[in-house]
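# Structural characterization, general
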Amino acid sequence: SRTARMQAGLSGIMSEEFRAMVADRTRSALELRARAGQATGGKAYENVEIVREAFRRFADGESLKAIVSDLNRRGIPSPGATWKQRASPRGKWLVSALHSMLQNERYIGRLIWNRSEWRKDPDTGKRRRIERPESEWIVRSCEPMVDQSGWARAQARFTSRPGRGGGRRGTARRRWKAR
């Protein structure tokens, strides 16, 4: 009936407004926590020796895959091993997790909140990460796990590696572009 269609439309509008209100309140509360120096989510891997070992090994030229394989072979629990998750492999290191850890400034004692936001493209439906200006970041310090020289060596290794993934894919891409 006409009334049901109108009621469904209004219900949809009200639901969307409620979702936006909850998002605004959540963001506001997180901003207050960040400004007060309180936790805003996310945790660092707590095994300092493993963190330092991973940074050192990567900076010395070892591949992410080799480090992950060795950590898994030795039975070292991954950062998410204690999380209640359904996805497998539970407790195993993944290359993506190690990659994220090696680029996380938290390990040199720098916590950043409000660094980026995710926006959805209305045409494609895909979400994109948009970096915010540095003036909007809320930065605070914490206890560093890795010294500045170890951090710098690891980051230099990331910037010196050509292309994403390297190997044959990069070569094929370069050959295709040359044609």
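Whatever comes next refers back to the structure up there.
In every chain, residue numbers begin from 1 and rise along the written sequence. Local features in this predicted model are restricted to residues of pLDDT 70 or higher, and side-chain atom pairs are both shown and tallied only at a pLDDT of 80 or more, whereas totals for entire chains, interfaces and linings draw on every residue. Side-chain metrics rest on all non-hydrogen atoms present in the structure, leaving aside hydrogens and water.

### Quick look at the nonpolar core
Soluble globular proteins tend to bury their nonpolar side chains together. The term nonpolar core refers to a set of buried residues drawn from Ala, Val, Leu, Ile, Met, Phe, Trp, Tyr and Cys, joined through side-chain atoms within 4.5 Å. Throughout, exposure labels follow a simple rule: accessible area from a 1.4 Å probe, protein chains only, divided by the maximum for the residue type, with under 20% read as buried, over 50% as exposed, and the rest as partly exposed. Trp93 and Leu98 are the most contacted members of the largest nonpolar core, which has 22 residues in total. Numbered from the N terminus, helices here are DSSP runs of H or I no shorter than four residues, and strands are runs of E no shorter than two. Of all the secondary structure elements, the ones that give two or more residues to this core are helix H2 (48-59), helix H3 (64-73), helix H4 (95-102) and helix H5 (148-160). The biggest single contributor to this core is H2, with five residues.

### Topic: the packing of H2 against H5
Every axis in this analysis is a line fitted to C-alpha atoms, fitted for helices over the stretch in contact. Angles between the N-to-C directions lie between 0 and 180 degrees. Between H2 and H5, the least distance of the axes is 8 Å, while the angle of their chain directions is 45°. By the angle between their directions, the pair H2 and H5 is classed as oblique. Where H2 crosses over H5, the handedness of that crossing is left-handed. Here H2 contributes Phe55, Phe58 and Ala59 to the contact with H5, which in turn contributes Gly150, Trp151, Arg153, Ala154, Gln155, Arg157 and Phe158. Under this grouping Gly is polar, as are all residues other than the nonpolar Ala, Val, Leu, Ile, Met, Phe, Trp, Tyr, Cys and Pro and the charged Asp, Glu, Lys and Arg. Counted by class, the contact of H2 with H5 contains six nonpolar, two polar and two charged residues. Between 65 and 115 degrees an angle is taken as roughly perpendicular, under 35 as roughly parallel, over 145 as roughly antiparallel, and anywhere else as oblique. Crossing handedness is read from the near helix: turned anticlockwise from the far helix by less than a right angle, it gives a left-handed crossing, and turned clockwise, a right-handed one. We call two residues contacting when some pair of their heavy atoms lies within 4.5 Å.

### A few points about the packing of aromatic side chains
Centre distance within 6.5 Å is the pairing criterion for rings of Phe, Tyr and Trp, where only the six-membered ring of Trp is used; planes under 30 degrees apart are then read as stacked, over 60 as edge-to-face, and the remainder as tilted. Under the counting rule described, the total for this entry stands at four aromatic pairs. A centroid spacing of 5.3 Å and a plane angle of 80° characterise the contact between Tyr45 and Trp93, whose relative ring orientation is edge-to-face. Residue Tyr45 is found in the loop between helix H1 (2-35) and H2, and its partner Trp93 is found in the loop between H3 and H4; the two are separated by 48 residues along the sequence. Here Tyr45 matches Trp93 in class, with each residue buried. Taking the centre distance of 4.7 Å and the plane angle of 35° together, the rings of Phe58 and Phe158 count as tilted. Here Phe158 lies in helix H5 and Phe58 lies in helix H2, a separation of 100 residues in the sequence. Members of the aromatic cluster, each reached through a chain of ring pairs, are Phe55, Tyr107 and Trp151. Of note, Arg157 hangs over the ring of Phe58, and the distance from its end group to the ring centre comes to 4.4 Å. We call a charge positioned above a ring when the Lys NZ or Arg CZ atom is no farther than 6 Å from the ring centre and deviates by at most 35 degrees from the ring normal.

### Re the side chain of Arg157
Structurally, the position occupied by Arg157 is in helix H5. Buried charged residue Arg157 carries no salt bridge. Nearest counter-charge: Glu62, at 8.1 Å. We define a polar contact as two N or O atoms separated by no more than 3.5 Å, with the added condition that, inside protein, one atom must be a possible hydrogen donor and the other a possible acceptor, whereas residues neighbouring each other in sequence contribute only through side-chain atom pairs. Within the local environment of Arg157, its side chain forms a polar contact with the backbone oxygen of Gly61, the two atoms lying 3.3 Å apart. Excluding anything up to four places from it in sequence, Arg157 contacts Phe58, Gly61, Glu62 and Ser63. By the counting rule applied here, Lys and Arg register as positive and Asp and Glu as negative, while His and the ends of each chain are not counted. Just to be clear on terms, a salt bridge is a Lys or Arg side-chain nitrogen sitting within 4 Å of an Asp or Glu carboxyl oxygen.

### Overview of H2
Look at H2: 16 Å from first C-alpha to last across twelve residues, which is about the 16 Å you get at 1.5 Å a residue. Buried within H2 we find Ile50, Val51, Glu53, Ala54, Phe55, Arg57, Phe58 and Ala59. Against H3, H4 and H5 lie the buried residues of H2. Gly61 occupies a position one or two residues after H2 and carries a positive phi of about 110°. One fewer than the residue count of a helix, multiplied by 1.5 Å, yields its expected span.

### Concerning unusual backbone geometry
At Asn114, a residue that is not glycine, the phi angle is positive and equals roughly 75°. Given a relative accessible area of 11%, Asn114 falls into the buried group.

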